[in-house]
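# Tertiary structure, described
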Amino acid sequence: MSARLFQPQYLQAPRNFVVPQFEQPICLEIGAGMGRHAILFAEQHPEKTLVAIERTRAKFKVFAVRQQDHQLAHLYPVHADAIPWVVHALLPRSVEQLFLLYPNPEPKNPAQRWLNMPFFEFLLSRLQNNAQITLASNVPAYLDEAANQLQQMWKLPFVRQMIAQDSARTHFEVKYLARSEPCAELMITKPDGYHTRFDDYISPVAQR
Ligand SMILES: C[S@@+](CC[C@H](N)C(=O)[O-])C[C@H]1O[C@@H](n2cnc3c(N)ncnc32)[C@H](O)[C@@H]1O
């Protein structure tokens, strides 16, 4: 586990936060960009609820407009920083699938990479047993470091695989594959019986 403990009790809910009303479990995408993956996934899995969070206003605007064209009943685009949103919106063991697709590699700020953050332990507590995380990147060193963190710190099983040349799940994936960059992903599983220090944490905001 992380040496530093995440402190959810000090995190305010995002501005204009409304406790979501959808039934959990859900699928969750963090850093959805302009929503290409979210819309494709929602079209292919109409039975699943997908919450797709994007922090950057301009990208979120494009996503929201595109989503209106598609009329997908179970897709919820959220404009927020995913960290406080997850803390205040989600119950423990409520996420069946998590997508982290081409996160910012944060070359100057390794502490901001998802698997280096104390928040990652909180995120794990929101996952159901046997939930899967897809972590994709075009930066091999990013995935090397994440793989090392999974083995040494998080003790989670994963499989590493290359992404097919004709894959086109996200805008960044399309761009990177067109440049022949080595896109790959870690498929991470949260096994039965995995514990975190947040397994019983429910935000007071979510309890209201
Ligand atoms: C490199 S882009 C990839 C976008 C998309 N997944 C794709 O592959 O086309 C990473 C995205 O993550 C978003 N992001 C980073 N940190 C975030 C956070 N804490 N909450 C929500 N979105 C975040 C950024 O705004 C950015 O749009």
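Further up the page is the structure itself.
### Focus on helix α1 (residues 36-44)
Buried within α1 are the following residues: His-37, Ala-38, Ile-39, Phe-41 and Ala-42. Looking at the buried residues of α1, the elements they touch are β1 (26-30), β2 (50-54), α2 (57-70), β3 (75-79) and β4 (95-101).

### A closer look at the packing of aromatic side chains
Taken as a whole, this structure holds twelve aromatic pairs when the rule is applied. Ring plane angle 65° and centroid distance 5.2 Å describe the contact between Phe-120 and Trp-154, whose orientation is recorded as edge-to-face. Of this pair, Phe-120 sits in helix α4 (residues 119-125) while Trp-154 sits in helix α5 (residues 140-154), and the two are 34 residues apart along the sequence. Its relative accessible area of 1% is what places Phe-120 among the buried residues. Using a relative accessible area of 1% as the deciding quantity, one classes Trp-154 as buried. Measuring from ring centre to ring centre gives 5.4 Å for Phe-122 and Phe-198, while their planes differ by 55°; the resulting arrangement is tilted. Of this pair, Phe-122 sits in helix α4 while Phe-198 sits in the loop between β7 (184-189) and α7 (204-207), and the two are 76 residues apart along the sequence. You can call Phe-122 buried: its relative accessible area is 0%. Exposure remark for Phe-198: the relative accessible area of 5% places this residue in the buried category. Grouping aromatic residues by their ring pairs yields a cluster made of Phe-6, Trp-114, Phe-119, Phe-122, Phe-198 and Tyr-201.

### Details of the side chain of Glu-173
Take Glu-173: it is sitting in helix α6 (residues 171-178). Side chain to side chain, Glu-173 and Ser-167 meet in a polar contact 2.7 Å long. Aside from chain neighbours lying at most four places away, what touches Glu-173 is Tyr-102, Ile-163, Ser-167 and Ala-168.

### Here's the deal with the site of the ligand
Around the ligand, 16 residues are found, and the nearest of them are Gly-31, Glu-54, Thr-56, Leu-101 and Thr-170. The contact in question runs from a nitrogen atom of the ligand to an N or O atom on the backbone of Arg-55, over 3.3 Å. Between a nitrogen atom of the ligand and a main-chain N or O atom of Ala-82, the distance comes to 2.9 Å. Residues of the shell around the ligand, tallied by class, amount to six nonpolar, six polar and four charged.

### Considering the nonpolar core
Counting 46 residues, the largest nonpolar core has Leu-28, Trp-85 and Phe-119 as the members making the most contacts within it. Put simply, the parts of the chain that give this core at least two residues each are β1, β2, α3 (82-89), β4, α4, β5 (127-137), α5 and β7. One finds Ile-39, Leu-101, Tyr-102 and Leu-177 within the second-largest nonpolar core, a separate group that totals 20 residues.

### Observations concerning α5
With 15 residues, α5 should cover 21 Å at 1.5 Å per step; its first-to-last C-alpha distance of 20 Å lies within 8% of that length. Taken together, the buried positions of α5 are occupied by Tyr-142, Leu-143, Ala-146, Ala-147, Gln-149, Leu-150, Met-153 and Trp-154. In this fold, the buried residues of α5 make contact with α4, β5, β6 (158-162) and β7. In the segment just after α5, Lys-155 is the residue with positive phi, at about 55°.

Quick notes on the rules
- Residues numbered from 1 in each chain as written.
- Predicted model: local features only at pLDDT ≥ 70, side-chain atom pairs only at ≥ 80, totals over all residues.
- Heavy atoms only, no water.
- Buried < 20%, exposed > 50% of the residue type's maximum accessible area, 1.4 Å probe, protein only.
- Helix = DSSP H or I, 4+ residues; strand = E, 2+ residues; numbered from the N terminus.
- Contact = heavy atoms within 4.5 Å.
- Phe/Tyr/Trp six-rings, centres within 6.5 Å; stacked < 30°, edge-to-face > 60°.
- Polar contact = N/O pair within 3.5 Å; in protein donor to acceptor, adjacent residues only side chain to side chain.
- Near = heavy atom within 4 Å.
- Nonpolar A, V, L, I, M, F, W, Y, C, P; charged D, E, K, R; others polar.
- Core = buried A, V, L, I, M, F, W, Y, C linked by side-chain atoms within 4.5 Å.
- Expected span 1.5 Å × (residues − 1).

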